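# Residue-level structure breakdown
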Protein chains: 2
Amino acid sequence: MTKMKFKMSKKPGIPKGTRDFSPIEVSKRNYIFSIIKSNFEKFGFQPIETPTFENSETLMGKYGEEGDRLIFKILNSGDYLSKANDEFLANKDSLKLTTQISEKALRYDLTVPFARYVVMHQNEIEFPFKRYQIQPVWRADRPQKGRFREFYQCDADVVGSNSLWQEVELVQLYDSVFTELGLKGTTIKINNRKILSGIAEVIGASDKLIDFTVALDKLDKIGEDGVKNEMLEKGISGEAISKVQPLFNFTGTISEKIEKLALLLSSSQEGMKGVEELQFICENVTEIGLQSANLELDVTLARGLNYYTGAIFEVAAPEGVAMGSIGGGGRYDDLTGIFGLKNMSGVGISFGLDRIALVIEELNLFPETVTATSKAMFLNFGDSEAKYAMKAVTKLRQNGVKVEMYPDKAKIGKQFQHADKRGIQFAVLVGEEEIKNEKFTIKNLTTGEQESLSYEDLLKKLN
Amino acid sequence: MTKMKFKMSKKPGIPKGTRDFSPIEVSKRNYIFSIIKSNFEKFGFQPIETPTFENSETLMGKYGEEGDRLIFKILNSGDYLSKANDEFLANKDSLKLTTQISEKALRYDLTVPFARYVVMHQNEIEFPFKRYQIQPVWRADRPQKGRFREFYQCDADVVGSNSLWQEVELVQLYDSVFTELGLKGTTIKINNRKILSGIAEVIGASDKLIDFTVALDKLDKIGEDGVKNEMLEKGISGEAISKVQPLFNFTGTISEKIEKLALLLSSSQEGMKGVEELQFICENVTEIGLQSANLELDVTLARGLNYYTGAIFEVAAPEGVAMGSIGGGGRYDDLTGIFGLKNMSGVGISFGLDRIALVIEELNLFPETVTATSKAMFLNFGDSEAKYAMKAVTKLRQNGVKVEMYPDKAKIGKQFQHADKRGIQFAVLVGEEEIKNEKFTIKNLTTGEQESLSYEDLLKKLN
């Protein structure tokens, strides 16, 4: 037992919040990536990639105080303390020392690096610029179920176009990806920052807007009275609440909802602009038609409130799957202002890879072929047989067939077992007899069926 | 000028040694990745992925003192100084402080994380395990032309098999990848650590082995006398040199070279084992045949001398292209020993993505289709025309055609210019007339040809 314990403690680990991905996991994730990617390209988006780490000043201050804390910083190389401030060291002032011993930090999202990219390369870029980016990001968050310190983001954004057709296309893009993934019945929720501003204007309480939407979002759970009580508790006046009474019975088709909003927000110029935008997007999406997703107008949707300036999107998994949002996005009117390039409107959406993978797993929607390993394994009966086998293996590969040969002349049972454990469908046997007759004996490891084939027939069978 | 300077200084940058990749660059790199990947899979390798950062103890001490210095360390989160040693701080002892304020570090290569992976997951893995891994690595090297601080490695390794068929297949794998990339005439150099040990034994100077091979490698440039002088200068005795006289006229076919080595190393048991291994690999590779690469036995090849224990590989670009090696690898008998799992032999090869991309660029071998953008751009003549166009765009995308619509009702000249600058081949015009006749006017932007097509014919034309 002591020996065992010793061995256990020597075993290496990985940092918390990170993951190893096994062949099956990589294959499943690549399946999702490839569908997202091919749809991005069908919709005219082009790939860019940015470095894993950025200069700290590019990232710091862009995600709020909490964000700054969650950014992974890279220690400067070499004698990094030589120029450090003695006082900071003596006081063990971690915060102040950081900027002196660390100049680089890991990417925290893909939006800020994209903004930085657009500003740096503005003279090479032909606007409007539709870019996609599929890369990992890192956050020093407390890891928990479904939340990791390293995870992928899959973003598609357009920069340099105010056209609402972008929003129409982004809704279609969500529909297209989820349809191709077999994930039917997702709900694409849409709202508009200007609608929210309009509501705030009408109730005369801009500072209470988040409290208001959070409470309103509970309508299904706690009922109209419950919601109103919560609003009152949060300091929203009864008068204000009565002004937006229609929101408590906010049902009907999208166009009926838009009509209600137009009445409700008629006194707010910004609110009415939001109504107009929503109308354009929803009308066109509805008329052109979605393949499998449902579009829903959700006035409680307020993600990234301080960030978005127009449309806000969020995607919910099909009903019955308990999972937070599997995608989100929106329009932000001043994407690149933080880096000195003004008046660049951006609009984009993001796909949550980890959650999408969990949903597809739960609904058993991964095609069997995704995790396909080699099509056949040639058994090894010794060097001269192996040489004959390897010639066939080589030709098969040149014809695009995934095959392999067991590398050692091990016991045949062991070789069969290896093929079986690897999930390989066929074993090919080449012994003296086969070499003499220029044949290959192929055995289906599932059915046990066995036949003797020429090389040409073998190729046909495996191709 | 002052204003300009001010603007310039505000412009964001990226850390030295890192790169942004534009759409064309990403597409070109993805083209290479996808050929490497599909060949890895044809040869039975399966993908794994490991985290970007590892626990420091996993990486430190594995790459020598220089390596330790070049590893990027991540600063601990939070109040990282609270438990730091006061003396280290007072003395500004960067080296000693590092382990107290940093527990994680960026991946330096893919081999050590792979060894860690094998040990951690040994109970789930079915051996022999053929894995491939295509991920970036980071080194705090001084950046220079063609050397970056962030770059991709593409590795294929087999662990848990002593069979020399692995080496045969790895040579074939190189050949297969470079052939498919159109890179014909690469030279796959092969040597064996045991041959080098044998030479050291024969000349009685193990400690001078590197000096010996470095000098011998200059034979073409400085001639036999030059090489011998350099060896003498390095302290290799004339007697020792005369013992390996055949190496100074080391020409002929591979089998002739192997015969010479067998004579030369007959007194060294290890050397003769190396001869036997080389013979097996080269004979089988030659008999089965390579598609476009040349196999060359190079006794001066000594890369990673302290690391490899058997075969050593290196690939040179086709003649006439000035470029260092574009790939390398070999066998290392104790891959996982560093993490406590003994007797796991590994053998693998690596592809140098950046250099391969440079070679393919220089030889103009990227297919035109690699950087293909959308097939057609629909012009925008206003909202009602755009809606009609978007219906066709949507259907075309559902049929897998990459198309887009210009988002705004801009001047037509501007729209054409955008399509042109983006390298889009066709423009599709939809005005009142087209809507009335249910037609689409398609214009070839290269030839200027224009025709009026039904949706079905449009689909045929673009598909």
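So, a few notes on the structure that sits alongside this text. Worth saying up front: this structure is predicted, and the values here are computed from it rather than measured.

## Side note on the overall build of chain A
What chain A contains, in helices and strands, is 19 helices and 16 strands. Taking 463 residues into account, the globule formula puts the C-alpha radius of gyration at 23 Å, and chain A, at 29 Å, lies well above it. The C-alpha extent of chain A, read off along each of the three principal axes, is 95 × 65 × 55 Å. Each of the 463 residues in chain A was classed as buried or not, and the buried ones make up 57%. Pairs at least 24 residues apart make up 69% of the contacts formed inside chain A by residues separated by at least 6 positions. One finds the centroid of the 60 positive side-chain charges in chain A at a distance of 8 Å from the centroid of its 65 negative side-chain charges.

## What about the sheet that holds strand β6 (residues 150–159) of chain A?
Residues and elements named next belong to chain A. On the basis of which strands lie adjacent, the open sheet formed by eight strands has the order β1-β5-β6-β11-β10-β9-β7-β8 and mixed pairing. Across the chains shown, the open sheet's two edge strands, defined by having one partner strand only, are β1 (46–47) and β8 (294–297). By the bridge criterion, six bridges tie strand β7 (residues 187–192) to strand β9 (residues 311–316) in an arrangement that is antiparallel. Within the sheet, the bridge partner assigned to T187 lies in β9 and is A316.

## A word on empty space enclosed by the protein
In the structure shown here, the tally under the stated rule is four cavities of 30 Å³ or more. Each pocket or cavity is described by its volume, and for the largest cavity that value is around 70 Å³. Together, F43(A), Q172(A), D175(A), S176(A), G289(A), L290(A), Q291(A), T394(B), R397(B) and Q398(B) line the largest cavity. Elements with a contribution of two residues or more to the lining of the largest cavity: α8 (165–180) of chain A together with α16 (383–398) of chain B. Looking at side-chain class alone, the lining of the largest cavity contains two nonpolar, six polar and two charged residues.

## Let's talk about the relation of the copies chain A and chain B
In screw terms, the move from chain A to chain B is a rotation of 180° and a rise of 0.0 Å along the axis, fitting with an RMSD of 0.0 Å. What we have between these two chains is a two-fold relation. Of the C-alpha atoms belonging to chain A, the one lying closest to the rotation axis is found on I74(A), 2.2 Å away. Taken as a fraction of all interface residues of chain A, those also at the interface in chain B reach 100%, which identifies the copy contact as same-surface.

## Re the environment of G352(A)
With respect to the helices and strands, the residue G352(A) is situated in the loop between β11 (346–351) and α15 (353–362). If we skip the residues at most four places from it in the chain, G352(A) touches I326(A) and G327(A).

## Looking at the interface of chain A and chain B
The interface is formed by 106 residues belonging to chain A together with 107 residues belonging to chain B. Buried surface at the junction of chain A and chain B, summed over both partners, amounts to about 9300 Å²; 56% is from carbon and sulfur atoms. At the junction of chain A and chain B, the tally comes to 14 salt bridges. Between K402(A) and E41(B) there is a salt bridge, with the nearest N and O atoms lying 3.5 Å from each other. Scanning the region where chain A abuts chain B turns up 45 residue pairs in polar contact (both at pLDDT 80 or more). Ranked by residues supplied to the side of chain A that touches chain B, first place goes to helix α16 (residues 383–398) of chain A with eight residues. Among the residues forming the side of chain A that touches chain B, the class breakdown is 42 nonpolar, 33 polar and 31 charged.

## With respect to the environment of E224(B)
Residue and element names in this part refer to chain B. Tracing the chain through its elements places E224 in helix α11 (residues 219–233). E224 gets classed as partly exposed once you look at its relative accessible area, which sits at 30%. In the structure, E224 is positioned 23 residues away from L247 in sequence and 9.9 Å away in space, judged by C-alpha atoms. Dropping the residues within four chain positions of it, E224 is found in contact with L219, Q245 and F248. At 3.0 Å, the side chain of E224 and the side chain of Q245 are in polar contact.

## Focus: the pairing of β9(A)
All names here are of chain A. Counting buried positions along β9 yields six of six residues, so the element is predominantly enclosed. Examined bridge by bridge, β9 and strand β10 (residues 325–332) share five bridges and lie antiparallel to one another. Residue pairing across strands places E314 opposite G328, the latter belonging to β10.

## Here's the deal with the pattern of salt bridges
Residues and elements named next belong to chain A. Counted under the stated rule, the structure contains 51 salt bridges over all chains. One salt bridge in this structure joins D354 and R19, with 2.8 Å as the shortest N-O distance. Placement of D354 in helix α15 and of R19 in the loop between α1 (2–10) and α2 (23–42) is noted, with a sequence separation of 335 residues between them. One exposure class covers both D354 and R19, and it is buried. Where E404 meets R422, a salt bridge forms, and the shortest distance between an N and an O atom there is 2.9 Å.

## A closer look at the sheet that holds strand β7 (residues 187–192) of chain B
Residues and elements named next belong to chain B. Reading across from one edge, β1-β5-β6-β11-β10-β9-β7-β8 is the order of the eight strands in this open sheet, with mixed pairing throughout. Here the strands that pair on one side only, and so sit at the sheet edges, are β1 (46–47) and β8 (294–297). Strands in contact with helix α7 (residues 111–120) are β5 (129–138) and β6 (150–159); relative to β5, the strand with the most contacts, it is inclined by about 135°.

## Topic: the packing of α16(B) against helix α19 (residues 455–462) of chain B
Packed helices, taken two at a time, are described by the angle between their axes plus the distance between the axes. Residues and elements named next belong to chain B. Contact geometry for α16 and α19: axes closest at 11 Å, N-to-C directions at 45°. Here α19 runs oblique to α16, going by the angle between their axes. The crossing of α16 and α19 is right-handed. In contact with A392, K395 and L396 of α16, α19 contributes Y455, L458, L459 and L462. Taken together, the residues of the contact of α16 with α19 sort by class into six nonpolar, no polar and one charged.

## What to know about the packing of aromatic side chains
All names here are of chain B. Taken as a whole and judged by the stated rule, the model has 32 aromatic pairs over all chains. Measuring from centroid to centroid gives 4.3 Å for Y63 and Y108, while their planes differ by 45°, and the two rings are tilted. Of this pair, Y63 sits in the loop between α3 (56–59) and α4 (64–70) while Y108 is found in the loop between β4 (104–106) and α7, placing the two residues 45 residues apart along the sequence. By relative accessible area, Y63 is classed as buried at 18%.

## Things to note about the packing of helix α10 (residues 209–216) of chain A against helix α11 (residues 219–233) of chain A
Residues and elements named next belong to chain A. Interhelical geometry of α10 versus α11 gives an angle of 145° and a closest axis separation of 8 Å. Judged by residue contacts, F212, V214, A215 and L216 of α10 engage L219, V227, E230 and M231 from α11. The residue makeup of the contact of α10 with α11, split by class, is seven nonpolar, no polar and one charged.

## Considering the environment of I71(B)
Residues and elements named next belong to chain B. Mapped onto the secondary structure, I71 falls in the loop between α4 and β3 (73–74). Sequence spacing of I71 and A140 is 69 residues, and the spatial spacing of their C-alpha atoms is 6.2 Å. Discounting chain neighbours no more than four positions away, the residues touching I71 are L59, M60, Y63, A105, L106 and Y108.

## A word on unusual backbone geometry
Across the junction of F127(A) and P128(A), the peptide omega takes the value -5°, indicating a cis bond. Phi angles above zero are rare outside glycine, and N343(B) is one such case at about 60°. Relative to the elements of secondary structure, N343(B) occurs in the loop between β10 (327–332) and β11 (346–351).

Reading guide: rules and limits
Residues numbered from 1 in each chain as written. Chains lettered and ligands numbered in written order. Predicted model: local features only at pLDDT ≥ 70, side-chain atom pairs only at ≥ 80, totals over all residues. Heavy atoms only, no water. Helix = DSSP H or I, 4+ residues; strand = E, 2+ residues; numbered from the N terminus. Rg over C-alpha atoms; globule rule 2.2 N^0.38 Å. Buried < 20%, exposed > 50% of the residue type's maximum accessible area, 1.4 Å probe, protein only. Contact = heavy atoms within 4.5 Å. Lys, Arg positive; Asp, Glu negative; His and termini not counted. Charge placed at Lys NZ, Arg CZ, Asp CG, Glu CD. Pairing = 2+ DSSP bridges. 1 Å grid on protein atoms, 1.4 Å probe; cavity = no way out; pocket = protein on both sides within 12 Å on 5 of 7 lines; lining within 4 Å. Points joined across faces, edges and corners; volume = space filled by probe spheres on them. Nonpolar A, V, L, I, M, F, W, Y, C, P; charged D, E, K, R; others polar. Least-squares fit on C-alpha atoms with pLDDT ≥ 70 in both. Buried area = accessible area lost by both parts, 1.4 Å probe. Salt bridge = Lys/Arg side-chain N within 4 Å of Asp/Glu carboxyl O. Polar contact = N/O pair within 3.5 Å; in protein donor to acceptor, adjacent residues only side chain to side chain. Axes fitted to C-alpha atoms, helices over the stretch in contact; angles between N-to-C directions. Parallel < 35°, antiparallel > 145°, perpendicular 65-115°, else oblique. Left-handed = near helix turned anticlockwise from the far one by under 90°. Phe/Tyr/Trp six-rings, centres within 6.5 Å; stacked < 30°, edge-to-face > 60°.

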